[in-house]
Amino acid sequence: MNLDLLPLALADGFSYAGLLFLVALGLTLIFGVMGILNVAHGALYAFGGYAAASLVQFIMSRGDPPSILLVAALFVAALIVGVALGCLLEVGLLRRVQDKDPILQLLITFGAFLILDDLQQLIWGGSPYTASEVSGRLGTIELFGVTYTVYQLLLIPIVALCAYGLLQYFLRHTRIGRQVIAVTHNAEVATALGIHAKRIRLITFIVGAILGALGGALSVPTTSLVPGVGTDMIVLSFSVVATAGLGQITGALIAALMIGMARSLAVYTFPEFEVVVPYLIMVLVLLIRPYGLFTVAQARKI
Amino acid sequence: MAKASLFKVLCSLVAAVGVFPSWSWAQDKPATLPLGITTFLTGPASVFGIPGKAAAELWIEQFNAKGGIDGVKLSAVFIDEGLGGDKFLTEYRRVAQETGEKVMVSAISSGNCNTVAPVAEDLKVLNVMWDCGTEKILEDRRYKYVVRTQANAVTEMMATLVYLLKTKADFKTIAVINQDYAWGRDSWEIFRNAMLAMKPDTKIVAELFPKFGAVDFSTEISRLQALKPEVILSTSWGGDLDTFVRQASQRGLTKSSLFVLPLAESSLERLGTALPDGVIVGARGDHYFLHPETKDEPKHKEFVEKFRAKTGNYPIYPVYHMVAALEGIAAGYQSAIKRNNGQWPSTDQVAAEMHNLKFQGLTRPVQMREDGQGLEDQLLGVTKKVPEYPFPILDKIMIIPASTITPPVGEKSPEWVKKLTPAFLSNDQFKTFASSK
Amino acid sequence: MFAAILSLVGAAICLVLGLIFPWMKVPIIVGLCYGLAALGVTVLMRAGQVSFGHAMYACIAGYTVAFLARAYPGLDGLLLIAASVVAAVVAGALIGLFVVRYREIFFGMLNLALSMVFYSVLGKFYEITGGTDGLRLERPPIAGFQFDRPGYETALLVTALSASLALGWLVQRYSGSAAGEALAGIKTNETRLEYLGMSARRILWNGYMISAGLCGLSGALFVLLQGLVTPELGYWVRSGEFVFIAILGGAQHALGAFMGAVVFQAIQLVGTVLLPGTWKMLLGATLIIVILVAPTGITGVLPIKSWSKPRERKLALRPVAEKS
């Protein structure tokens, strides 16, 4: 591969990493605060996407809307799905298994994932859904002699970076954010200090769910939604989260970039390895650093 | 040792009893003849498979109203190919192993055909391959119960190559982006070998095989844009092709390279304006609702109207393939009944009939060969936008007879392809039609 | 005693059902395959570790069967099974060397990652592995006899039932043995186990190889039944299903894996034939209900001697110095 293809590969990897980061962010946030690896995150991604596609199609059928409205519709759909499903899952299921074995907690989210997967197929059917008009309206941009869509090259990475920035600000400079950090470090002590841990967990789960759904909603204008996207996305986001270290937000950003770039480089050099790359990276990282790249040392209780 | 042979004898008895029905000569006429039809009902390929289901339902309803096969009505059971590899096989087996006579109509995916063909042969159930293209099934082995009522990858890719060389003979660079499974790999292998036999100095700049059912081709498109091939070939179909063309169109790739899409007739209506003019499109057979020879014939015209009324869309080539398979089965049974002096035939007799049959679907007739392979003429054209339809129609249509572009019985396609020379193109049987509206 | 009787009765019922209703043979054999794989997962659960990637051993064994059957067509089915189980155990030994350093979530995650690597590689290399279409194989002879389809299924049913009974009994014996109790020690307190002079990693490695072999056997039988192996056999959802069955049946007795498999198959049949398109929903709902209501699974509810309870009582009554 000649070196002038390298910036192209990086540009492609950048936009792919953006989507990956949004989904992984939700996942790692939930794990950090609640200690649960949420398998149902894949279903949140899928529901977010389908809801966004339906909303966009609904708006388009009512005349010729401005592009800004269509893009806003994606966020609105993600918000609705995140809040609704997030509340349902947290209050209905996760609260009841708060004190059980982590494996049982994980399996209950797996059960929820299975239910939501079938529900999604019952509601929206098996045929592909897309909303390519949205990205078509935003036009194209040329970079290094290759045409990219503005949506993919600029919008998605910008949204991902904004989400990262907003979340960091929220965690560090708002009261609720600091309470979230406190609950992450030690829920018992935080409760003893008067923090309403139950409410914090609910809020965190909803934020995580919204991020997952947003990942799905933003993917609709460029790709298409079919049954099985949730299942594929969840393992990919696991690989990002595990590579970064569970609960590490900045780590997730770097890991997503790493995996995104590696994957697109693979398409340019050894296309047959494209699908293997994320998992290969995860295995290699875990073999060298068993707890992920960026974990902080934890005290061990004997 | 006596124990072992007793066990063996018992097993053979059980097996013999199980196989008994197919021994008889004169069968009892069944009340209904169930058809086990497999098609894609979920996933990206369902945009392709669901019209096939609609076509089957429509055709069977009409056929039963006219009396069925000698009074025996047909019924259909649909199996979803979207279940994937072994789950699909389990379902196929479940239907094929049910007691009673049946005909299996399977499959769309070449991968699934590869899987079910030996199973059907093993179970001695007639299996009509109605849409899959891989030529290897009938070339590598002589099947008794497995036939194909349409053309195979060799015929289709040769037709594509002929059209491409007649349209743009002087291209120097080509790239391919196919789905990563039997059809995608086999179709490229044939095309590449034939092309290199006729134009040895062509440069293949990229060979990309994204996975079947992929939803995002952005990186592949970037790479293709950077490499700037003159021709881009893709034998993708269904939702995969739709997504690829939409993404490529948004980024201008469809304008900078000549797209050759031998299976795109099935996507014309869905893609609408995403396809620019001048794209070479094939119909896997001569299946097109505006077929220059048959579009005004009452049988064809009526079916198009009925299909449109039922589904809201124009029929695409999977619809035609399904009708052809069903017509073939009906013709096979009727021919076998005649040969059996009016008695209902056995599965063996029908299977034998299917190996030397000529029947007609909605377009040109299909001739079945002794190896079970159907000879089906191929239609190709270029896209052209017209005010009458919200999607492009095919212009500069060429219909190529199958006999000119298919290896003879018994000859394997890799060897046949290597023997091709540029003189092959000047065959006068390639029929072109004046630019249609 | 109850468990032994239940197993034998269950096996007899399976055999009889299979002979009377020929169409039931395939679902029963598939159920037994799931049960064997879940049995493999329960071995590791004894150490408190749950692997989300064990389907890869079923996959490895399946592809071994396919490669061998295609390379040497006359090879006996039982030989193919044996060879593929050996392949799975060897793979388990090699992979286990790395994996046994991890615990809890990361153990599960690393297994998941490795299984996805296998899955992706198998799906991509079309020339060698048949890609996503997989590899087909012709029916091999079993125990020297070349059966036709119905006889072949019966032979596989008998093989699967005998393997399940034998291995279920062996796993029970293993759990009661020193090695099995040491495995449980990893769950209760690994540091103390190390202080006793035993290598936790080595013990877990042994358990890992056994579980890999069991999953391998399950994969081999499945592929012989289907005549087809695809990468889907190693997908993470499949591993999740194995874990699901283990939890459903209960991880404290070998019988649990098979009872869980029976319920799993029943739900799948209901969900595909009676209420099409809802089997995942039913499965998910069942999993949630089981975890909330009966986390010890079916065998936790039945009067079956579990691995942990009676032993504790016995140890409390006996004097301090006793057999190890």
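Scroll up to find the structure.
**Points about the overall build of chain A**
Logical step 1: Each helix and strand in chain A was counted, giving twelve helices and two strands.
Logical step 2: Element order for chain A, N to C, with α for helix and β for strand: α-α-α-α-α-β-β-α-α-α-α-α-α-α.
Logical step 3: Relative to the compact-globule value of 19 Å for 302 residues, chain A shows a C-alpha radius of gyration of 19 Å, a close match.
Logical step 4: Overall size of chain A, expressed as C-alpha extent along the three principal axes, is 60 × 50 × 35 Å.

**Observations concerning the sheet that holds strand β3 (residues 103–105) of chain B**
Residue and element names in this part refer to chain B.
Logical step 1: Strand order in the open sheet made by the five strands is β2-β1-β3-β4-β5, with parallel pairing throughout. The sheet terminates laterally at β2 (73–80) and β5 (146–148), the two strands that pair on one side only. For this sheet, the mean inter-axis angle between neighbouring strands, taken without regard to orientation, is 25°.

**Observations regarding the nonpolar core**
Logical step 1: Residues L107(A), Y57(C) and W236(C) are the most contacted members of the largest nonpolar core, which totals 214 residues.
Logical step 2: Here the element with the most residues in this core is helix α2 (residues 25–45) of chain C; it accounts for 15 residues.
Logical step 3: Setting aside residues no more than four positions away along its own chain, L107(A) makes contact with F52(C), V243(C), I247(C), L287(C) and I291(C).
Logical step 4: Grouped together as the second largest cluster of nonpolar side chains are 128 residues, Y163(B), F244(B), Y320(B) and A330(B) included.

**A look at helix α6 (residues 153–167) of chain B**
All names here are of chain B.
Logical step 1: With 15 residues, α6 extends 21 Å between its outermost C-alpha atoms, agreeing within 8% with the 21 Å of an ideal straight helix rising 1.5 Å per residue.
Logical step 2: For α6, a buried count of 13 out of 15 residues is recorded, marking the element as mostly surrounded by other parts of the structure.
Logical step 3: Structurally, the start of α6 carries an N-cap: the backbone nitrogen of V154 is 3.1 Å from a side-chain oxygen of N152.

**What to know about unusual backbone geometry**
Residues and elements named next belong to chain B.
Logical step 1: Cis geometry is found at the peptide bond from S106 to A107, where omega equals 10°.
Logical step 2: One can find A107 in the loop between β3 and α4 (110–123).
Logical step 3: Positive phi is not limited to glycine here, since D70 has a value of about 50°.
Logical step 4: Take D70: it is sitting in the loop between α2 (46–65) and β2.
Logical step 5: Unusually for a residue other than glycine, N341 sits at a positive phi of about 60°.

**Regarding the state of the cysteines**
Logical step 1: The final tally for this structure, using the stated rule, is one disulfide over all chains.
Logical step 2: Across the disulfide from C113(B) sits C132(B); the S-S distance is 2.1 Å. Given an S-S torsion of about -90°, the disulfide between C113(B) and C132(B) has left-handed geometry. Taken as a pair, C113(B) in helix α4 and C132(B) in the loop between β4 (126–129) and α5 (136–140) lie far apart in primary sequence, 19 residues in all. Each member of the pair C113(B) and C132(B) is classed as buried.
Logical step 3: In this structure C33(C) is not part of a disulfide, and its nearest cysteine sulfur, from C215(C), lies 11 Å away.

**What about the environment of G123(C)?**
Logical step 1: By secondary structure assignment, the location of G123(C) is in helix α5 (residues 104–124).
Logical step 2: In this structure G123(C) comes out as buried when scored by relative accessible area, which is 11%.
Logical step 3: On a C-alpha basis, the gap between G123(C) and G284(C) in space is 27 Å, while along the polypeptide they are 161 residues apart.
Logical step 4: Here G123(C) is in contact with D180(B), G131(C), T132(C) and P231(C), once residues within four sequence places are set aside.

**A short note on the interface of chain B and chain C**
Much of the literature gives interface size as the accessible area that the parts lose upon coming together.
Logical step 1: Facing 28 residues of chain B, the contacting portion of chain C comprises 24 residues.
Logical step 2: Contact between chain B and chain C buries roughly 2200 Å² in total, counting both sides, with carbon and sulfur atoms accounting for 52%.
Logical step 3: Along the contact surface separating chain B from chain C lie four salt bridges.
Logical step 4: For E138(C), the salt bridge is made with R141(B), and the minimal N-O distance between the two is 3.8 Å.
Logical step 5: Its residues assigned to classes, the side of chain B that touches chain C shows eleven nonpolar, six polar and eleven charged.

Criteria and thresholds
Residues numbered from 1 in each chain as written. Chains lettered and ligands numbered in written order. Predicted model: local features only at pLDDT ≥ 70, side-chain atom pairs only at ≥ 80, totals over all residues. Heavy atoms only, no water. Helix = DSSP H or I, 4+ residues; strand = E, 2+ residues; numbered from the N terminus. Rg over C-alpha atoms; globule rule 2.2 N^0.38 Å. Pairing = 2+ DSSP bridges. Axes fitted to C-alpha atoms, helices over the stretch in contact; angles between N-to-C directions. Core = buried A, V, L, I, M, F, W, Y, C linked by side-chain atoms within 4.5 Å. Buried < 20%, exposed > 50% of the residue type's maximum accessible area, 1.4 Å probe, protein only. Contact = heavy atoms within 4.5 Å. Expected span 1.5 Å × (residues − 1). Polar contact = N/O pair within 3.5 Å; in protein donor to acceptor, adjacent residues only side chain to side chain. Disulfide = S-S within 2.5 Å. Buried area = accessible area lost by both parts, 1.4 Å probe. Salt bridge = Lys/Arg side-chain N within 4 Å of Asp/Glu carboxyl O. Nonpolar A, V, L, I, M, F, W, Y, C, P; charged D, E, K, R; others polar.

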